[in-house]
Amino acid sequence: MEEDQKRLLLEFTEVTDSFERIRQLRESISQLRLLNQELKQKEKAIQSLAYYDQLTGVANRALFYELAEKFLRAAERNHEVLGLMFIDVDNFKQINDTYGHEAGDKVLVQIAGILTAATRRNDVVARYGGDEFLILLPQINAPDNYKIVVSKILQAKRDAIVCNGISVEICLSVGVSFYPQDGDSIDQLIVKADRAMYIAKKQEGDNWYYPAENI
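Let us look at the confidence of the model for the protein chain. In this model, the protein chain carries an average pLDDT of 82, and 77% of its residues clear a pLDDT of 70 or more. Of all helices and strands in the protein chain, the one with the weakest mean pLDDT is helix H1 (residues 2-51) (62), whereas strand S2 (residues 124-129) scores best (95).

Below is the structure:
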């Protein structure tokens, strides 16, 4: 009788140990799941730092070039027009000097929002550096279609941008270039659009845009 009781006790103890191991395993799986989620979040954060401008939230140079090369190859294969707009904020240094760098940063953020709202979902808006922005226009039917984007940009910024309760007048100079007539590489298109933008900046008035074909 005593041997049977001991045997039963030993069997009960083994079952208890099994439940404990299962509980520990579930805890380990739960911890691994949480760790995996944290790693994915950190990966997204790192990717954001690598590919997006931290001030404005639009694409940075690295992401712009990566996407631009893909769109350029697609335009070559499909015999499509690829447009590129080079946008510069006129007198941005004066804005910084007059209202401070914090106000200047807010102006850049709002301009990035205006450019994003004026473009299509598959267009690429990027901060090229300082107060310069690029817009890539893939799969446009004709070069003149860029005027639709320009019109939306100018319409959106008719109202002066307000920073800390102060209205700040914004003037933009825009140069435009196109694949294939203005170049067969992204750098060539940027150089041509940049030159067109500087010609536009010299024109009298406000918010000029200038096609590279007129250079």
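This part takes up the pairing of strand S3 (residues 132-140). Burial analysis of S3 places eight of its nine residues in the buried class, the great majority of the element. Here seven bridges tie strand S1 (residues 81-89) to S3, and the two strands are oriented antiparallel to one another. Its bridge partner being in S3, glycine 83 is matched across the sheet by leucine 137. With five bridges joining them, S2 and S3 adopt antiparallel strand pairing. In the strand pairing of S3, glycine 129 is matched with glutamate 132. Connecting the antiparallel pair S2 and S3 is a turn made up of two residues, with glycine 130 showing a positive phi of about 55°.

It is worth spelling out helix H2 (residues 61-78) at this point. For H2, which comprises 18 residues, the first-to-last C-alpha distance of 25 Å matches the rise-based estimate of 26 Å (1.5 Å per residue) to within 8%. Turning to H2, its buried residues are Leu63, Phe64, Ala68, Leu72, Ala74 and Ala75. Viewed end-on, H2 has its buried residues packed into an arc of 165°, placing them on one side of the element. In H2, the exposed positions angled more than 90 degrees off the buried face are occupied by Lys70 and Arg77. Of the residues flanking the start of H2, the one acting as N-cap is asparagine 60, its side-chain oxygen 3.2 Å from the backbone nitrogen of alanine 62. One or two residues past the end of H2 sits histidine 79, with phi positive at roughly 55°.

Rules of the game
- Residues numbered from 1 in each chain as written.
- Predicted model: local features only at pLDDT ≥ 70, side-chain atom pairs only at ≥ 80, totals over all residues.
- Heavy atoms only, no water.
- pLDDT = per-residue confidence, 0-100.
- Helix = DSSP H or I, 4+ residues; strand = E, 2+ residues; numbered from the N terminus.
- Buried < 20%, exposed > 50% of the residue type's maximum accessible area, 1.4 Å probe, protein only.
- Pairing = 2+ DSSP bridges.
- Expected span 1.5 Å × (residues − 1).
- Arc of directions from axis to C-beta.
- Polar contact = N/O pair within 3.5 Å; in protein donor to acceptor, adjacent residues only side chain to side chain.

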